[in-house]
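Structural overview
Here is what each chain is made of, one letter per residue.
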Amino acid sequence: MAWPEQTLATIRQLGTVQRELSDRYVDREEAIKVLVLATVCREHLLLIGPPGTAKTGLIDQFCRSVGARQFRYLLTRFTEPSELFGPLDIEQFQAGSYQIRTENMLPEAEIVFLDEVFQGSSAILNTLLALLNERRFNNGARTAPTPLISLYGATAAPPEDPAVVPFSDRFLLRLELTRVREDRLGDLLDLGWEQERKQIAAEPASPVQVMTPAQLKQVSAQLQHVELKRVMPVYQQLIRELRAQGSTLSDRRVVRGLKLVAGACLLRESELAAAVDLWPLQHFWTDPADAQPVRQAVADRIADDPSTPRRPTRTAVEIMTMARLEAEQPNTTRYPVTEGMITASLRALGQLRRELYADHPGAVAEKAEIDQLVSAVEARYSGSGHV
Amino acid sequence: MSRRLRLRVIGSADAQQVIAGYHPDTPLAEALTRSGCLLSQPLSADLTALPLRAVQLDWTDIAALPPDSPMFSPARAGAGVTAAAAAGPEPGRRRATVSAVPLAADPASGGLAPDAPASGRPVSPPRPADLSPEAATQIAYRHAVEEVAAFLRADLSVLVICEKAVVRYLAEHMAQAAGREPRVIQASSSSETDTEADPGDGAGNLALFNAPVSMGQREMTQLRDELRALKKGQVLVIAHLDLLAGGADGFGPASADIRELTELLYASPEAVILAFADPSLTIPEVLAARFSRRLGMEGTDRMVPGPDGTAVPVEQRLITQAEADRFHGIDDTDFYKHVAGLNPVRIRQAMRYAMLVNESKPQATARDLHDTIRTFKSHLATGFQIPDTTFGQIGGYENVKEELREALRIMASVQQLPDADAKLKSSLVPRGFIFHGPAGTGKTLFAKAVASEMRGTIQVVSGPELTSKWVGEGERKVRDLFAEARRNAPSVIVFDEFDSIATRRSSTADDGGSRAANAMVAQILTEMDGFRPEVPMIVIGTTNRLDIIDPALLRPSRFRSFHIGLPKKEGRLQIIRVHAKDHRIDVGDGLDEQIAQATEGWNGDELRSLFRNAYVAKWLRHVPADDPMDRARLLADLVSEISQTKEGQHVSRGGH
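Residues numbered from 1 in each chain as written. Chains lettered and ligands numbered in written order. Predicted model: local features only at pLDDT ≥ 70, side-chain atom pairs only at ≥ 80, totals over all residues. Heavy atoms only, no water.

Moving on, we get to the pairing of strand β1 (residues 5-10) of chain B. It is a general feature of regular strands that their side chains alternate between the two faces of the sheet. Residues and elements named next belong to chain B. As defined by bridge partners, β1 adjoins strand β3 (residues 55-60) across 6 bridges and the pair is classed as parallel. Within β3, the position partnered with R6 by the bridge is Q56. As paired elements, β1 and strand β2 (residues 38-39) share 2 bridges and run antiparallel to each other. Counterpart to V9 in the pairing with β2 is L39. (Pairing = 2+ DSSP bridges. Helix = DSSP H or I, 4+ residues; strand = E, 2+ residues; numbered from the N terminus.)

Below, the structure written as structure tokens:
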């Protein structure tokens with residue numbers, strides 16, 4: 001039984017969204033993958049990292065691509081609940097019932113992003129608890145269902161206060177975001193400047209929406225059909241190993257983890273879960289001290305399984321096309337060619353060359369060509385100091 | 001992750017949604033066409049096949065474009081397009097007209113002239129401008145290479161039997177064709193292993209330990225290291241397995257080298273090995289059994305794969321344009337006949353030689369080429385020569401000549417038979433002739449003439465040359481002889497005094513020598529049965545004693561027998577005339593008739609001896625022979641002399 005056409009189309013659209021997001025943000029591929037998975041599994045995600053690491057930007061773009069209603073707020077110690085959930089409906093109150101007007105506020109959003117989520121007061125956290133668990137909002141006497149798909153919380157440092165531990169346990173997935181690596185600084189500046197320019201030019205906001213939240217919901221409904229039989233023993237072993245290591249994994253977490261595995265399998269367009277689908281578990285630790293061992297254990301499990309495919313390779317033709325275009329860059333760019341540009345080209349060529357050598361050892365003609373391209377670009381570099 | 005390629009695309013929001021839903025590996029051109037998008041620049045050919053995931057699309061709405069901007073359809077890559085102003089009344093609507101000029105993709109085969117045969121000219125595809133031995137080998141042996149590559153891909157070891165000249169060009173190529181990395185075992189050229197002994201330390205004995213290591217030992221060490229370090233996806237290439245195995249001849253106990261090699265190779269059964277060996281050197285069977293497949297590559301095939309994969313005659317692929325221009329009228333059938341047994345490297349050498357030799361000739365034809373190649377082949381081997389006798393030089397025996405000519409004609413034209421009768425082809429081609437008859441009647445001469453008529457080379461072998469005191473040596477010599485003959489095809493092997501080796505196999509084999517001879521005959525028959533119809537070869541046996549030849553050999557499917565008896569008067573006349581001309585004795589005015597009359601029952605050899613003696617008498621003993629009367633007297637004397645000798649022999653033999 002293969003997935004129905006529409007499901008497959010939606011999954012591929014999600015793939016396109018992932019790729020487009022990766023085009024905009026440097027070194028955020030893993031984060032985007034987890035983001036998409038959280039949405040599909042309808043689970044909540046905790047983003048841990050210093051300010052200014054594109055958390056807001058990512059979620060914003062993602063919501064725009066998916067067409068989801070977004071609610072975004074920065075919490076402080078003094079934030080009032082009404083700032084999040086809405087003001088009191090005065091008229092109704094005068095009529096005798098306590099009701100909150102939730103239009104355009106958190107209870108009516110499909111994706112919620114709360115920055116510095118653990119700064120919220122206990123009142124807020126309590127309300128959120130119910131929201132996260134049952135997706136229901138207590139509006140006065142009634143409880144209304146909310147269209148919430150996922151809630152993303154961000155925090156600069158993982159929570160240490162034991163009082164908020166149950167709350168943080170509700171966030172099944174954790175993602176650590178750090179500053180971009182030094183060697184990608186050039187790319188960061190290029191991409192970042194492009195975004196800024198677009199903003200200054202007031203170009204129409206892109207990305208354009210490629211799918212609807214209804215499609216997302218439909219895909220999430222397919223999670224129940226994923227076959228977990230084969231991966232269950234491996235999963236059990238992994239949990240036992242992690243617990244033996246001393247990682248805190250609550251029962252709820254362990255059971256929900258299965259949903260993550262099913263989600264990964266679904267995003268792979270497969271119906272049978274395999275060891276390779278265990279990758280989300282790298283993010284489902286509770287205690288930050290457990291992060292490294294959990295990641296390592298999961299990675300080992302994935303690598304050990306014989307059914308894990310080698311990382312997808314690109315064909316030699318593709319690599320060569322990219323290499324040729326990359327080598328052409330210094331010749332076709334509008335801007336005066338600088339040392340930095342040549343270095344960037346060389347770095348990209350070097351990466352392509354490594355890929356070619358690793359994945360296509362027998363492609364002699366292509367290897368020779370790529371070496372030629374590298375030396376051609378190098379010649380421009382060293383030929384004249386100022387090119 | 002490296003950056004993706006950016007492409008400006010023109011399309012609606014719906015198209016964006018649709019294309020976002022395609023599989024990431026869909027080819028770019030297909031995805032764009034199916035979703036109905038247009039481009040602002042023509043799509044270059046190498047981008048059409050890129051998968052969708054490799055490209056970042058920058059979307060522009062069609063309404064936002066200036067009115068006369070060109071637009072291109074992704075369907076026809078590289079086509080020139082003109083965007084016409086909209087014929088429709090609404091402003092802002094464009095129609096792009098596409099004029100499709102399909103560009104023929106250039107196959108990346110180095111050296112071929114980029115002549116696109118788009119208009120369907122009935123001319124043969126152009127020949128390469130230059131052909132290196134490497135390219136020639138790879139073209140000619142492409143089928144074999146692909147077969148080996150398929151085996152290597154399936155992780156099976158292959159042993160290739162081919163001549164050493166081509167090993168160099170095939171060793172790495174085959175491994176690379178299978179997509180595997182080759183690790184080649186070869187004699188290292190560095191001399192660093194020749195360490196200098198340093199006796200000055202007082203430990204003079206150490207000089208022994210530092211003795212220079214031989215090449216064979218170096219290769220064994222290298223082999224051991226490579227086998228240990230071999231990873232998946234790599235192929236171990238042993239370029240000269242037969243040399244590593246000590247070049248043993250299969251007899252006697254296995255040498256230490258072979259034992260070590262065998263153990264090494266069997267210790268790593270999962271290693272994928274590609275080994276080469278020469279057909280003339282034997283490899284111990286136990287070593288050869290390590291390989292899952294043995295492939296023999298001998299000579300060249302008649303049809304080799306062309307650049308697009310279809311089979312073309314070999315002469316179209318292995319001859320450069322310059323050579324084809326020099327020699328007019330290269331016909332594919334004839335050409336192959338002359339190079340059937342040569343490997344591609346040799347063919348290229350032969351062509352270069354031919355170009356050199358015929359440089360000064362203004363109008364060289366294909367015949368000159370064939371002759372030069374024949375000369376080249378005869379220089380290759382010591383045994384084979386080019387015959388200089390033709391049928392025309394043999395006097396008389398018209399019926400025999402006619403029959404032989406007929407047989408050769410069949411051989412030449414068997415290729416034109418319909419392919420449905422392919423099985424019959426090999427049975428139609430004559431394989432062997434036996435010329436029998438009294439001594440001295442020119443049987444060997446006939447054999448040479450046959451070779452001449454075939455425009456091939458000839459090797460004359462006599463019985464004692466083949467036999468040797470070692471058991472089994474005779475068979476080996478026969479095998480080598482036939483292998484050499486195949487390499488020099490077209491060729492003729494003449495077994496002189498065939499009765500010395502082909503005696504009737506007797507049931508009372510009490511004589512060890514006759515048993516050995518039987519084995520040799522069996523070997524000859526085996527070799528003959530293995531004749532391929534494309535490689536023109538004939539075996540001719542000459543004998544005086546048909547009665548002791550094994551009747552099994554006289555089956556018409558094997559040897560056709562021709563009786564070459566004593567010449568009749570007509571024949572004698574011809575022979576006399578031929579010899580007289582050779583020896584510059586004038587036999588005009590009816591003298592030849594008289595001699596023919598007088599020499600009843602003589603064979604050609606005796607007639608020749610007559611003229612030989614006449615020559616000696618005239619020029620060395622200065623017997624007067626200018627006057628016709630003197631000549632006649634001289635010749636008459638000589639005739640009677642020879643007659644007396646014959647009579648004497650006849651009497652001594654007891655009147656047989």
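Our next topic: unusual backbone geometry. Unusually for a residue other than glycine, A54(A) sits at a positive phi of about 70 degrees. In this structure, A54(A) sits in the loop between β1 (45-48) and α3 (55-66). When its relative accessible area of 22% is taken as the criterion, A54(A) is described as partly exposed. The residue R455(B) is not glycine, and still its phi comes out positive at about 55 degrees. As for its placement among the helices and strands, R455(B) is situated in the loop between α18 (443-453) and β14 (457-462). On the basis of relative accessibility, which here comes to 17%, the residue R455(B) falls in the buried class. (Buried < 20%, exposed > 50% of the residue type's maximum accessible area, 1.4 Å probe, protein only.)

Moving on to the environment of E43(A). Residues and elements named next belong to chain A. Topologically, E43 is positioned in the loop between α2 (29-41) and β1. Separated by 217 residues in the primary sequence, E43 and L260 place their C-alpha atoms 8.6 Å from one another. In this view, E43 contacts A38, R135, I149, S150, L172, R256, K259 and L260; residues no more than four positions away in its chain are not counted. (Contact = heavy atoms within 4.5 Å.)

Strand pairing in a sheet relies on backbone hydrogen bonds. The paired strands run either parallel or antiparallel. Spatial strand order, β2-β1-β3 (chain B): 3 strands in an open sheet with mixed pairing. Strand pairing shows two members of the sheet lacking a second neighbour, β2 and β3 of chain B, which therefore form its edges.

Turning our attention to the pattern of salt bridges. Residues and elements named next belong to chain B. In total, this model carries 47 salt bridges over all chains according to the counting rule given. The partner of D225 in a salt bridge is R228, with the nearest N and O atoms 3.6 Å apart. Residue D225 and its partner R228 are both found in helix α7 (residues 215-229); the two are separated by 3 residues, about one turn of the helix. Between D480 and R476 there is a salt bridge; the shortest N-O distance is 3.4 Å. Highlighted residues: D480 and R476, both in helix α20 (residues 473-487), separated by 4 residues, approximately one helical turn. Several salt bridges share partner residues, and in doing so they unite E402, R405, E406 and R409 into one network. (Salt bridge = Lys/Arg side-chain N within 4 Å of Asp/Glu carboxyl O.)

Here the focus is helix α12 (residues 291-304) of chain A. With 14 residues, α12(A) should cover 20 Å at 1.5 Å per step; its first-to-last C-alpha distance of 20 Å lies within 8% of that length. The elements touched by buried residues of α12(A) are α10 (232-245) of chain A. (Expected span 1.5 Å × (residues − 1).)

Moving on, we come to the interface of chain B and chain A. Each partner contributes residues to the interface: chain B has 24 residues there, and chain A has 28 residues. In total, about 2400 Å² of surface goes out of reach between chain B and chain A, with carbon and sulfur atoms giving 50% of it. Linking R53(B) and E318(A) is a salt bridge whose minimum nitrogen-to-oxygen distance equals 3.5 Å. Counting every contact that joins chain B to chain A gives 4 residue pairs in polar contact (both at pLDDT 80 or more). Listing elements by their share of the side of chain B that touches chain A, those giving two or more residues are β1 and α1 (13-20) of chain B. With 3 residues, α1(B) is the single largest residue contributor to the side of chain B that touches chain A. Looking at side-chain class alone, the side of chain B that touches chain A contains 9 nonpolar, 8 polar and 7 charged residues. (Buried area = accessible area lost by both parts, 1.4 Å probe. Polar contact = N/O pair within 3.5 Å; in protein donor to acceptor, adjacent residues only side chain to side chain. Nonpolar A, V, L, I, M, F, W, Y, C, P; charged D, E, K, R; others polar.)

All names here are of chain A. Checked against the element boundaries, T7 lands in helix α1 (residues 5-24). Accessibility expressed as a relative area gives 0% for T7, which makes it buried. Apart from the residues lying within four places of it in its own chain, the contact partners of T7 are Q218, V219 and Q222.

What follows covers the nonpolar core. Among the nonpolar cores identified, the biggest contains 92 residues, and L128(A) and Y152(A) are the most heavily contacted of them. Looking at this core element by element, the count peaks at 9 residues for α2(A). Excluding residues that lie within four positions of it along the chain, L128(A) makes contacts with F85(A), L106(A), L114(A), L151(A) and F167(A). Core analysis: the next-biggest nonpolar cluster, separate from the first, contains 51 residues, F482(B), A489(B), F495(B) and V535(B) among them. (Core = buried A, V, L, I, M, F, W, Y, C linked by side-chain atoms within 4.5 Å.)

To continue, consider the packing of aromatic side chains. Any pair of aromatic rings gets described here by the distance separating the centres and the angle formed by the planes. Enumeration over the complete set of coordinates arrives at 16 aromatic pairs over all chains. Ring centres of F118(A) and F171(A) lie 6.5 Å apart, and the angle between their planes is 70 degrees; on these two criteria the pair is classed as edge-to-face. Here F171(A) lies in the loop between α7 (165-169) and β7 (173-176) and F118(A) lies in the loop between β3 (111-115) and α6 (122-134), a separation of 53 residues in the sequence. Neither residue differs from the other here; F118(A) and F171(A) are each classed as buried. Here F433(B) and F435(B) contribute two aromatic rings whose centre-to-centre distance is 6.3 Å and whose plane-to-plane angle is 15 degrees, an arrangement assigned as stacked. Taking the relative accessible area as the measure of exposure, F435(B) reaches 0% and is therefore buried. Taken together, the ring pairs connect F391(B), Y397(B), F433(B), F435(B), F446(B) and F562(B) into an aromatic cluster. Positioned above the aromatic ring of W279(A) is the side chain of K33(A), whose terminal nitrogen or guanidinium carbon lies 4.5 Å from the ring centre. Residue placement shows R34(B) over the ring face of Y22(B); its charged tip is 4.4 Å from the ring centre. (Phe/Tyr/Trp six-rings, centres within 6.5 Å; stacked < 30°, edge-to-face > 60°. Lys NZ or Arg CZ within 6 Å of the ring centre and 35° of its normal.)

This part takes up the sheet that holds strand β13 (residues 432-436) of chain B. All names here are of chain B. Spatially, the 5 strands line up as an open sheet ordered β14-β15-β16-β13-β17, and their pairing is parallel. A single partner strand is all that each edge strand has here, and the edge strands are β14 and β17 (559-563). Pairs of neighbouring strands in the sheet enclose a mean axial angle of 20 degrees, with direction left out of account. Running over the sheet, α20 touches β14, β15 (491-496) and β16 (537-543) and is turned about 150 degrees from β15. (Axes fitted to C-alpha atoms, helices over the stretch in contact; angles between N-to-C directions.)

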